[in-house]
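# Report on the structure
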Amino acid sequence: MTPPRAEAAADGRVARALRAAPVPAALVVLVALSGVVLGRVYADPLLTRLVAGAAAGSVLVGVAARRLPSWLVAPLSVAALAGWTLLSLRLAAAHAALPGGLGEVAADAARNAIPRLLTAMIPVEPAPDTVLVPVVAAWLAGLTAAEVALRAGRVLLGYLPPALLYAGALYVVGPNADPAIGPTVLFAAVAAAGLATPRRQSGPAPDPVAGLTPAVRAAVRLRMVAASAAGLAVVVALAALLAPVVAAQVDERPVDPRRYVEPPRVESLDENPLIRISGWALNPDQRLLDVRTTGGTSGDGPPRIRLAVLSDYDGVTWRVGATYRNAGRILPAIEPAPGAATDEVRQEITVADLTGRLLPAVPTPREVTGARVAYDPATGTLIRPEGLAPGLRYEVSSVRERPDANLLSTANVPAGDEVARVLRVADGAPEPLRRLATQLAESNGAPYARADAIATFLAEHYRVTADAPSGHAYPNLAFFLFGPRNGGGQRGTSEQFAAAFAVLGRLTGLPTRVVVGFEPEGDGPVRAADAYAWPEVLFDGVGWVPFDPMPRPDEEPRPVEEDFRPQPEDPPPSEVPAPTEEPSATPPAAASAPGRTEGGLGTPVLVGGGVGGLLLVVGAVLAALVAMRRRLTRSRLDAADPGERVAGAWREMTDALRLAGHPVGPDLAAAEVAERARRTLAEARAAQPSHAAEGTGPAGTAQDSRPTDRAGTAQAGGPVDQSGTPHGSERSNRAGTTPAGGPGEQGVAVETDVTELAGLMNQVAFAPSSVDPVQAGRAAAVAAGYVAALRAARSWWGRLRWAVHPGPLRWRR
């Protein structure tokens, strides 16, 4: 039998353990509640379990090490933290099906944990990089709370780390979940229960006033009562002051910390993959992907593989314009349109020569394994933030949607702010493009009939060629649609067909977008010849419907002139002379002559002298600016090295665009800058009254019956000298303007062929030593001619400011 004394000792230990248990238990619950709050924006309860394990482990280590020296507790707890963290990362990696070893996964999570947590898509999938920070923070909060509350005996102060962790979890969640009323009430109740638990006393509590004289004892007790009353009054006053402020914030939308973190970005090539179509068309045998369908297909043939959805058009380029959020294996589900037939498609895709960050997948992807992805739900575009690499293999499970064709003929199109992005028509649409859209919409009132009419018109009048140049800006589309066939017009790749359909559709009120992807014949290699761009139209109750404006291979296209009225019945507004105002019969009042002071000429002389001196100083400064600007131009255009001379000519042109109020960003390619330069000069010429009265067209370009090249350049016959200037004929430059003919410029051809300058600039960028002096001289002549033409198109005041503007002297190179 157990001696009664041993039983009593055991009972005492159990009683002491029970008395000491409430505070550690309260700390575990308080820390674990942070995981409950944060887990509301996660797609799986794994995070809540891992945080609860970190809370229990950190507090138990603190309880077990209470009798050890304080300096030994932290190393033991950190060692336990390392073990629990590695276990958590392994569980999260297995849950997310991430490839790679534990060391590789842990290193990647340590580098990117915070940004990926704040840029992850809601709901967040538990992955190593999205669970690392919460687990480590929970363990450190539990360790600190246990040391303060248990070792030091400061329970209230020990609640501070869990409270801060809880507040941080609420902040990270932000407006992405419902208010956490239940966990917050439980947090307060558990904290109060921990404080209300009686502490173990080694003996009776000592009387702080014992041993004092009655008078001193009464004074001390009076001061204690006064201090307590003052503290209570302060608490009540703070509650009265802060309660209305806190109550007013109840209905306010919480701040989302994700808006302070920039999501993953892509390069310009991934922002506008439409420009890659022409390059792929010239290399049709290039192997881009290998596709193997593992199940879930129907009898409709191989599905199209989507690379990107382009919804934004500014008149120069189509762009994706997506906001990518880091996503897990499971992507947000998008409900299909009512009545649409759906089937699941599962594919295994292996990357070959495809570059960039855009990740191909059959629309609409639902699950991706084998690659870490970021996703834009608005467009359905996937990217791999690290970029594609040869040999990358991943599996995609998608839901392919087929709209109900019976609903299309009567379906309407949506309108309003929600679809304003896919209805926006960029400024500067050519007048022939608008007239064609109006003609196609006149006899087709229903939205689907309009879309079908546009697709039919393009398919019947234009030809597909692999060697068509890339470009889908307004001038490129105008040349594709209306350019002469013998000069390269009316032919293009799927880039021009899809872009022309989308622009014409928006001009007729249809919400359109362009999709770039691949149309393989089946499983196996996907080559560059399979690259394809197609337009889509959004219909109410049906969703996005793809259209095929491509011509049939066995049909000969009809001339556009047979079915399109190139000239309107009434002259365009720009050709109607604007009414001029009659001069007023009453001349404006002349300014009063300055009067003389009675005291003599002293004041006027002083004022005149001061003004004259100021004018001299200003004149000297302006003259110095003009001289410095000219020297800068000479140093650029007269450089000894041909490559430096071409680069200097390019800077002269970009400085001119910036002086004209059209700066170019660093993300634009040389061809895009050249297109903007041509458009800027055309707009400046069109804005001049003298040019508007000389028979220019609606876009400010001279009307000419001569054939034009792909950028709208009138082709002139006759021999050409070394600088490329035709002799014996008048030439229309690539900006669509006629040679300058103002005073002092009669007979002087304006060199504005900036496309040639863009080509030389690309040559300098990729092969600097290949530029010869003749090409450098040509670049300098083109730049000087363009700057002179753009400056001449401005008012006299604008030309004066141009000459003395100090910007080119200080702008970064």
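Described below are features of the structure shown in this document. As the structure is a computational prediction, the values presented were derived from the model and not from experiment.

Now for a nonpolar patch on the surface. A cluster of nonpolar side chains, V234, L238, L241 and L242, forms an exposed patch at the surface whose accessible area comes to about 390 Å². Classification of V234 by relative accessible area gives partly exposed; the value is 48%.

What follows deals with empty space enclosed by the protein. One pass over the full model with this rule turns up five cavities of 30 Å³ or more. What the largest cavity holds in volume is close to 210 Å³. Considering the residues around the largest cavity, the lining is formed by 23 residues, among which A127, A327, G328, R329 and R372 are closest to the centre. Among the elements of the structure, α6 (128–151), β5 (325–327) and β7 (365–369) are those that each provide at least two residues to the lining of the largest cavity. Residues belonging to the lining of the largest cavity are distributed by class as follows: 13 nonpolar, five polar and five charged.

Right, let's talk about the sheet that holds strand β2 (residues 305–310) for a bit. Adjacent strands of a sheet form backbone hydrogen bonds with each other and so pair up, either parallel or antiparallel. In spatial order, the strands read β2-β13-β15-β16; together these four strands make up an open sheet with antiparallel pairing. Edge strands, defined here as strands with exactly one partner in the open sheet, are β2 and β16 (543–546). When the angles between neighbouring strand axes are averaged without regard to direction, this sheet yields 35°. Sheet analysis places β2 next to strand β13 (residues 512–518), joined by five bridges and oriented antiparallel. Bridging from a neighbouring strand, I305 pairs with F518 of β13. Its contacts with the sheet place helix α16 (residues 494–507) against β13 and β15 (531–539), and it is angled at close to 15° to β15.

A few words now on the sheet that holds strand β8 (residues 373–376). On the basis of which strands lie adjacent, the open sheet formed by three strands has the order β5-β8-β9 and antiparallel pairing. In this open sheet, the two edge strands, each paired with only one partner strand, are β5 and β9 (381–383). Going across the sheet, the axis of each strand differs from the next one's by a mean of 40°, ignoring polarity. Summarising the sheet, β8 and β9 pair through three bridges and their orientation is antiparallel.

Moving on to the packing of helix α19 (residues 670–686) against helix α22 (residues 773–792). Direction vectors running N to C along α19 and α22 enclose 35°, while the axes themselves pass 9 Å from each other. The hand of the α19/α22 crossing is left-handed. Here α19 contributes A677, T680, L681, A684 and R685 to the contact with α22, which in turn contributes Y786, A789 and L790. Per-class residue counts for the contact of α19 with α22 are six nonpolar, one polar and one charged.

Rules behind the numbers
Residues numbered from 1 in each chain as written. Predicted model: local features only at pLDDT ≥ 70, side-chain atom pairs only at ≥ 80, totals over all residues. Heavy atoms only, no water. Patch = residues over 30% accessible without salt bridge, like charges linked within 9 Å, V, L, I, M, F, W, Y side chains within 5 Å. Areas by Shrake-Rupley, 256 points an atom, 1.4 Å probe, with all protein chains shown as cover. Salt bridge = Lys/Arg side-chain N within 4 Å of Asp/Glu carboxyl O. Buried < 20%, exposed > 50% of the residue type's maximum accessible area, 1.4 Å probe, protein only. 1 Å grid on protein atoms, 1.4 Å probe; cavity = no way out; pocket = protein on both sides within 12 Å on 5 of 7 lines; lining within 4 Å. Points joined across faces, edges and corners; volume = space filled by probe spheres on them. Helix = DSSP H or I, 4+ residues; strand = E, 2+ residues; numbered from the N terminus. Nonpolar A, V, L, I, M, F, W, Y, C, P; charged D, E, K, R; others polar. Pairing = 2+ DSSP bridges. Axes fitted to C-alpha atoms, helices over the stretch in contact; angles between N-to-C directions. Contact = heavy atoms within 4.5 Å. Left-handed = near helix turned anticlockwise from the far one by under 90°.

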